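Per-entry structural report
Read off the chains here:
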Protein chains: 4
Amino acid sequence: MKSKIIITLLAFFCASSAFASLPPRGTLVTDTIHSKILGTDREVSIYLPGNFKSGDHFPVLYLLHGMYANHASWFKETQGKGPIDRLITSGEAVPMLIVSPNAGGYDADKEQNGYFNMPGWQYEDFFFNELIPYIEQKYNCGGSKNQRAIAGLSMGGGGATALAQHHPEMFSSSYAMSALMALPEGREIPADPNNKVGKLFRAVEQNDCVNYVKNADDATRDALRTVNWFVDCGDDDFLLDVNIDYIRAMKAAKIPVQFRVREGDHSHEYWHTALYYALPFASRSFK
Amino acid sequence: MKSKIIITLLAFFCASSAFASLPPRGTLVTDTIHSKILGTDREVSIYLPGNFKSGDHFPVLYLLHGMYANHASWFKETQGKGPIDRLITSGEAVPMLIVSPNAGGYDADKEQNGYFNMPGWQYEDFFFNELIPYIEQKYNCGGSKNQRAIAGLSMGGGGATALAQHHPEMFSSSYAMSALMALPEGREIPADPNNKVGKLFRAVEQNDCVNYVKNADDATRDALRTVNWFVDCGDDDFLLDVNIDYIRAMKAAKIPVQFRVREGDHSHEYWHTALYYALPFASRSFK
Amino acid sequence: MKSKIIITLLAFFCASSAFASLPPRGTLVTDTIHSKILGTDREVSIYLPGNFKSGDHFPVLYLLHGMYANHASWFKETQGKGPIDRLITSGEAVPMLIVSPNAGGYDADKEQNGYFNMPGWQYEDFFFNELIPYIEQKYNCGGSKNQRAIAGLSMGGGGATALAQHHPEMFSSSYAMSALMALPEGREIPADPNNKVGKLFRAVEQNDCVNYVKNADDATRDALRTVNWFVDCGDDDFLLDVNIDYIRAMKAAKIPVQFRVREGDHSHEYWHTALYYALPFASRSFK
Amino acid sequence: MKSKIIITLLAFFCASSAFASLPPRGTLVTDTIHSKILGTDREVSIYLPGNFKSGDHFPVLYLLHGMYANHASWFKETQGKGPIDRLITSGEAVPMLIVSPNAGGYDADKEQNGYFNMPGWQYEDFFFNELIPYIEQKYNCGGSKNQRAIAGLSMGGGGATALAQHHPEMFSSSYAMSALMALPEGREIPADPNNKVGKLFRAVEQNDCVNYVKNADDATRDALRTVNWFVDCGDDDFLLDVNIDYIRAMKAAKIPVQFRVREGDHSHEYWHTALYYALPFASRSFK
């Protein structure tokens, strides 16, 4: 609706003008991939840059959503398309594909959420073995560490960090927003082994990003140093503490990391504005 | 939906935490006012600050939408609630009511758009004689120049500027975004006197903000100097030229005005980010 | 030199122009106060806003320098006058006096540094009993909590925080940059009781801002809640850890505090840009 | 002095720390080149990035000073080193050499100012035929359009624009701050043919950047489109009008250009903060 109105308005005003057209905006498409690993179809939202033509090759950013959300949330609730268009139009970000796969759904009691392997939900395997090959072949993007970045918010911020920790050879950069780097202290895990939130929280414990850094041996730390890391968390965010723990672990391990605490809490406006940092950061890390 | 999800998530994580709650967010309500002047009901979107209690008094900002839009557009397409909440929470803006009245609708061929008086649509009369008294009495806000501001985008940016020009005794500040300060050069006006777009465009010509400044006598210029003016327009906006004309007229008349050209064009993302400037500016002008 | 050149240039270009003059810049003066408490003269740098006239009353910000520096350092090494002028000119900060007293000198081995009471250097007593009364009477500024703010960098950031902790009834706000909130872990203190750095470090230990919050009783916490607190520290600053400790203590004590981690380390450019946040923050807290 | 103090402070605090050192800062050196064309020695300030080692190759930015200034002014009055260090340290700008040649001096009556060819002062010839070859060979930098950028303030902003207009094959980008794009209307030129300011102003008229665009034929416009252009001018700058004229000419000629009007006037603080835009812009244009 939004773009349609603006385009109508511009058409009206600009018909005879030297500046008849908006700078090229990107397009959002939704694709569906059948996962053998998950045994189900998964939807993926894909941002194609405005100058996208079949045959072109672009770098790719995997942009992960949070709990109680899905593949479309970055563009619906967080309204991410505006900042992305604006950054690419101005040159502050390079044209890239942005890929947001569905790792859950709005009802976390009924739909399994999470980017990690857990009983009956081998999402990390799906991500590396099915999603990335499918996307990068079909849309002719990414293809190597230097042309691939990862980012995410909340559960997806922890996901982006952990996936890049497990596979630093896959990503040139990782940008974590308001990230669930670990389970916050005092968090109870539902005891029922079939409870979907319980499964997710146990997986978060097993993939704790802070401990991963603390326990990393020298070779692992060297590998982690090949990724550009960024951590961005609001001063009123309930996850600030686990992000600070992560930063302290990274500094103790002498792994360079950018850290920002901006005004805000766990909110879509925080993540909306985070894109103004995340996309230029990913762009600078592409080679 | 958006806030519900976040609150669910926070409830889950924060039940036992010292920081169980988000900073207080505002509330959006829709009111309907019957206008005798317009002979119809008009809807109004109203943002009430998070700490709003009956009996409290707050300043008020009238925030005007553009063509092909309505009272809800600032909160729907432009997603303005996130920035407003964040600015008030951090103290960068003072708690205020934000009032966006319907001055048109999505179909400009069928629904008369415009903030000015035109045949069969005395909107400026409605605005000053019905809307403001109704809102400020019912919600105990504004009440004087020092507690009242106006702002708007595109048609509403020209509207905000012109209404404050006509009544500088009513507003402490005016913030114009991507404003239709005048009809851009070469714009044709539909000849049919009943055509709604034609009526709007003739009214824009009659209320041309640039000519108003150029033609202002000394007393009028003195009056205009009692308002704090701000003009904000994207470097790729098709209305940049008329905004420049306005700035040149204001400088020639020695009426102080803030002017910013930021990256962007005629887009919701531009107006979304403009709120980060507009609300602190209005706040500083309240007394 | 700087302003002289610009003014020459403008004089040349603008002689016949409608905009012959720069917006009013402030003036820097140096005053000297004889302290009976310290038994010596102390110099003070004072920024007077551009529209300052004898008889006017303005609010006042006490802006504290760091170690190995003096009263002039905020304007010399940190080049603070540019941001201050610009913020006041644009209205983003209210006109105010900015007062930077000498609490040390460039040679910390020879000149006692510090804002606290220590053997032979009762600076905190001097600050509250001599400096503030002298400045506020002579320059007709401040005079009450609502018209007074404090801020500082490094040793002066810890100083600003601690002085506002000790006297929350004196300041409406406190802005700490890269602050020495406490002695960083593992810091050795020179054993010689006459060593000036040793005396300073012991005073920092005794005035530890983190412990002050942890140990505050309910009445003290209530008093601390009457001040608006802001903490700003670079992600590469060696003092980030003690600032995080302070933030955690404040959150545990449920005392509201703004927290920002921006890009940078312990450097003049960090503090130069911090003024863009600090002055609007102080301005909003004045009443 | 500045860096020495900070380093002393850090040495003191950080001796035993895991973060004993600041991120690598750049170094400023002054070189002198003998110009046969000008018949005199000219000094050049050169910023070498912190990780500069003999044999390394870096891109180069030519950064031009204004009237009543010299090669050192970008680092002295404008205090440019802080922003440059910070941007390179954070990765927002790529490591580059920054070269500021002396095109005048503080006394414009006695020392010829200007980047253009004028009687007795063939500075443009010197710039292209002597300075660039000397710098790029000696310091192993630049060497091609893709590795070379130009920027400047006031007289140097007009200089940067005009030199890139004359030689679009030489620069990947041009960033003009508060630029003397043309002589402002009503400006009188001293009649004495030997008056140095008169010679400069006549050269500015002859190298008028606005007329250059207006008069450009199709081939020239195509060539101009190979440069990334940026224009940045304060809303209170007395040169805003000639910058607007330039933007209008560029838009009419359909040559893409970034345009920003930020808060401020013709001041060092404006140029200091402009570096935060200029260096990332130049970095993105290097290939």
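About the cut-offs
Residues numbered from 1 in each chain as written. Chains lettered and ligands numbered in written order. Predicted model: local features only at pLDDT ≥ 70, side-chain atom pairs only at ≥ 80, totals over all residues. Heavy atoms only, no water. Helix = DSSP H or I, 4+ residues; strand = E, 2+ residues; numbered from the N terminus. Rg over C-alpha atoms; globule rule 2.2 N^0.38 Å. Buried < 20%, exposed > 50% of the residue type's maximum accessible area, 1.4 Å probe, protein only. Contact = heavy atoms within 4.5 Å. Areas by Shrake-Rupley, 256 points an atom, 1.4 Å probe, with all protein chains shown as cover. Pairing = 2+ DSSP bridges. Axes fitted to C-alpha atoms, helices over the stretch in contact; angles between N-to-C directions. Salt bridge = Lys/Arg side-chain N within 4 Å of Asp/Glu carboxyl O. Buried area = accessible area lost by both parts, 1.4 Å probe. Polar contact = N/O pair within 3.5 Å; in protein donor to acceptor, adjacent residues only side chain to side chain. Nonpolar A, V, L, I, M, F, W, Y, C, P; charged D, E, K, R; others polar. Least-squares fit on C-alpha atoms with pLDDT ≥ 70 in both. Phe/Tyr/Trp six-rings, centres within 6.5 Å; stacked < 30°, edge-to-face > 60°. Lys NZ or Arg CZ within 6 Å of the ring centre and 35° of its normal. Parallel < 35°, antiparallel > 145°, perpendicular 65-115°, else oblique. Left-handed = near helix turned anticlockwise from the far one by under 90°. Right-handed = clockwise from strand over helix to strand, strands pointing away.

Our next topic: the overall build of chain A. Helix and strand counts for chain A stand at 9 helices and 10 strands. The C-alpha radius of gyration of chain A comes to 19 Å, within 12% of the 19 Å expected for a compact globule of 287 residues. Dimensions of chain A along its principal axes, counting C-alpha atoms only, are 65 × 40 × 35 Å. Buried residues in chain A amount to 63% of all 287 residues. Taking the intrachain contacts of chain A between residues at least 6 apart in sequence as the baseline, contacts between residues at least 24 apart amount to 74%. Carbon and sulfur atoms form 50% of the exposed surface of chain A, whose accessible area is close to 10200 Å².

This part covers the sheet that holds strand β3 (residues 60–64) of chain C. All names here are of chain C. Taken in spatial order, the 8 strands line up as β1-β2-β4-β3-β7-β8-β9-β10 in an open sheet, and their pairing is mixed. The open sheet has two free edges, formed respectively by β1 (27–35) and β10 (258–260), since each of these has just one partner strand. Within the sheet, the average angular offset between the axes of one strand and its neighbour, ignoring direction, is 20°. Of the pairings in the sheet, the one linking strand β9 (residues 228–232) to β10 comprises 3 bridges and is parallel in character. Among the inter-strand pairings, phenylalanine 230 is bridged to a residue of β10, identified as glutamine 258. Along the sheet face, helix α3 (residues 123–138) touches β1, β2 (40–48), β3, β4 (97–101) and β7 (148–153) and points at about 125° away from the line of β1. With respect to the sheet, helix α8 (residues 240–252) is in contact with β9 and β10, its orientation differing from that of β9 by roughly 150°.

Moving on, we come to the pattern of salt bridges. If you walk through the whole model with that rule in mind, you get 48 salt bridges over all chains. Of the charged contacts, one joins Glu136(A) and Arg148(A) as a salt bridge, the two residues approaching to 2.7 Å between their closest N and O atoms. Here Glu136(A), found in helix α3 (residues 123–138), pairs with Arg148(A), found in strand β7 (residues 148–153); they are 12 residues apart in sequence, far enough to count as distant. For Arg148(A), a relative accessible area of 5% translates into the label buried. For Asp245(A), the salt bridge identified is with Arg248(C), shortest N-O distance 2.9 Å. Of this pair, Asp245(A) sits in helix α8 (residues 240–252) while Arg248(C) sits in helix α8, on two different chains. The partly exposed category is assigned to Asp245(A), whose relative accessible area is 32%. Overall, Arg248(C) belongs to the partly exposed group, its relative accessible area being 25%. Through salt bridges that share partners, Arg25(A), Lys81(A), Asp85(A) and Asp265(B) make up one connected network.

Before going further, it helps to spend a moment on the interface of chain C and chain A. Contact with chain C, which involves 15 residues of that partner, is made by 15 residues of chain A. Buried surface at the junction of chain C and chain A, summed over both partners, amounts to about 1300 Å²; 41% is from carbon and sulfur atoms. For the interface between chain C and chain A, the tally reads 6 salt bridges. Asp241(A) serves as the salt-bridge partner of Arg248(C), at 2.9 Å between the closest nitrogen and oxygen. The tally of links from chain C across to chain A stands at 11 residue pairs in polar contact (both at pLDDT 80 or more). When the residues that make up the side of chain C that touches chain A are grouped by side-chain class, the tally is 5 nonpolar, 1 polar and 9 charged.

Moving on, we get to the relation of the copies chain C and chain A. For the pair chain C and chain A, the best superposition has an RMSD of 0.0 Å and corresponds to a rotation of 180° with a translation of 0.0 Å parallel to the axis. What the superposition gives is, in effect, a two-fold axis relating one chain to the other. Residue Val261(C) of chain C places its C-alpha closer to the rotation axis than any other residue of that unit, at 2.3 Å. The share of interface residues of chain C whose copies in chain A are also at the interface is 100%, consistent with both copies meeting through the same surface.

Residue and element names in this part refer to chain D. Spatially, 8 strands are ordered β1-β2-β4-β3-β7-β8-β9-β10 in an open sheet, and the strand pairing comes out mixed. Sheet topology places β1 (27–35) and β10 (258–260) at the edges, where each strand pairs with a single neighbour. Each adjacent strand pair in this sheet contributes to an overall mean axis angle of 20°, direction not counted. The pairing of strand β2 (residues 40–48) with strand β4 (residues 97–101) spans 4 bridges and is antiparallel. Bridge pairing in β4 links valine 44 to proline 101. Helix α2 (residues 81–90) rests against β1, β2 and β4 of the sheet, and its axis sits at about 40° to β2. Helix α9 (residues 268–285) rests against β3 (60–64), β4, β7 (148–153), β8 (173–177), β9 (228–232) and β10 of the sheet, and its axis sits at about 170° to β8.

Turning to the packing of aromatic side chains, a few remarks are in order. Scanning the model with the defined rule gives 40 aromatic pairs over all chains in all. When the centroid spacing of 5.1 Å and the interplanar angle of 70° are considered together, the rings of Tyr123(C) and Phe126(C) count as edge-to-face. One end of the pair is Tyr123(C) and the other is Phe126(C), both in helix α3 and 3 residues apart, which spans about a single turn. The same class applies to Tyr123(C) as to Phe126(C), namely buried. Each residue in the set Tyr62(A), Phe127(A), Phe128(A) and Phe171(A) is aromatic and connected to the rest through ring pairs, giving one cluster. Sitting over the ring of Tyr270(B), Arg262(B) keeps its end group 4.1 Å from the ring centre.

Another point: the packing of helix α9 (residues 268–285) of chain C against α2(D). When two helices pack together, you describe them by how their axes are tilted relative to each other and by the distance separating the axes. It is at 9 Å that the axes of α9(C) and α2(D) come closest, and there the two elements cross at 105°. In terms of orientation, α9(C) and α2(D) fall into the roughly perpendicular class. Only Gly82(D), Pro83(D) and Arg86(D) of α2(D) make contact with α9(C), whose side of the interface consists of Glu269(C), Tyr270(C) and Thr273(C).

Next up on the list: the packing of helix α8 (residues 240–252) of chain B against helix α8 (residues 240–252) of chain D. At their nearest, the axes of α8(B) and α8(D) sit 12 Å apart, and the two run at 160° to each other. Viewed along their axes, α8(B) and α8(D) adopt a mutual orientation that is roughly antiparallel. In terms of crossing hand, the pair formed by α8(B) and α8(D) is left-handed. Contacts from Leu240(B), Asp241(B), Ile244(B), Asp245(B), Arg248(B) and Lys251(B) in α8(B) reach Leu240(D), Asp241(D), Ile244(D), Asp245(D), Arg248(D) and Lys251(D) in α8(D). Across the contact of α8(B) with α8(D), the residue classes tally to 4 nonpolar, no polar and 8 charged.

Residue and element names in this part refer to chain B. Buried residues dominate strand β3 (residues 60–64), accounting for 5 of its 5 residues. Side chains of β3 alternate between two faces, with Val60, Tyr62 and Leu64 and Leu61 and Leu63 buried alike. Two strands pair when backbone bridges link them, and β3 and strand β4 (residues 97–101) are joined in this way by 3 bridges, in the parallel orientation. In the strand pairing of β4, leucine 61 is matched with isoleucine 98. In this view, the connection linking β3 to its parallel neighbour β4 by way of helix α2 (residues 81–90) has right-handed handedness.

All names here are of chain C. Bridge count between β1 and β2: 9 bridges; the pairing is antiparallel. Bridge assignment links serine 35 to a residue of β2, and that residue is threonine 40. Linking two consecutive strands that pair antiparallel, namely β1 and β2, is a turn of 4 residues; a positive phi of about 70° is found at glycine 39 within it.

With that settled, consider the side chain of Arg148(D). Engagement of the side chain of Arg148(D) in a polar contact is seen with the side chain of Glu136(D), the distance being 2.7 Å. Once residues lying within four places of it in the same chain are set aside, the contact partners of Arg148(D) are Val60(D), Tyr62(D), Ile132(D), Glu136(D), Gly143(D), Met170(D), Phe171(D), Ser172(D), Ser173(D) and Phe286(D).

With that settled, the discussion passes to the environment of Asn113(B). All names here are of chain B. Inspection of the secondary structure assignment puts asparagine 113 in the loop between β4 and β5 (117–118). When its relative accessible area of 1% is taken as the criterion, asparagine 113 is described as buried. Spatially, the C-alpha atom of asparagine 113 lies 19 Å from that of tryptophan 271, the residues being 158 residues apart in sequence. The contacts of asparagine 113, once residues within four sequence positions are left out, are Gly66, Met67, Tyr68, Ala69, Ala103, Gly104, Gly105, Ala108, Met118, Trp121, Met155 and Leu200. A polar contact is formed between the side chain of asparagine 113 and the backbone oxygen of glutamate 111, at a distance of 3.2 Å.

What follows covers helix α5 (residues 196–206) of chain A. Listed in full, the buried residues belonging to α5(A) are Val197(A), Gly198(A), Lys199(A), Leu200(A), Phe201(A), Ala203(A) and Val204(A). By the N-cap criterion, in which a side-chain oxygen at the helix start approaches the backbone nitrogen of a residue two or three places on, α5(A) is capped by Asn195(A), the distance to Val197(A) being 2.9 Å.

Before going further, it helps to spend a moment on unusual backbone geometry. Of note, the phi angle at Asn140(B) is positive, near 50°, even though the residue is not glycine. With respect to the element layout, Asn140(B) can be found in the loop between α3 (123–138) and β7 (148–153). Positive phi outside glycine occurs at Ser154(C), with the angle close to 55°. Note that Ser154(C) resides in the loop between β7 and α4 (155–166). By relative accessible area, Ser154(C) is classed as buried at 4%.

Time to look at the environment of Glu188(B). Examined against the element boundaries, Glu188(B) turns out to sit in the loop between β8 (173–177) and α5 (196–206). The spacing of Glu188(B) and Ser54(B) is 134 residues in sequence and 49 Å in space, taken between C-alpha atoms.

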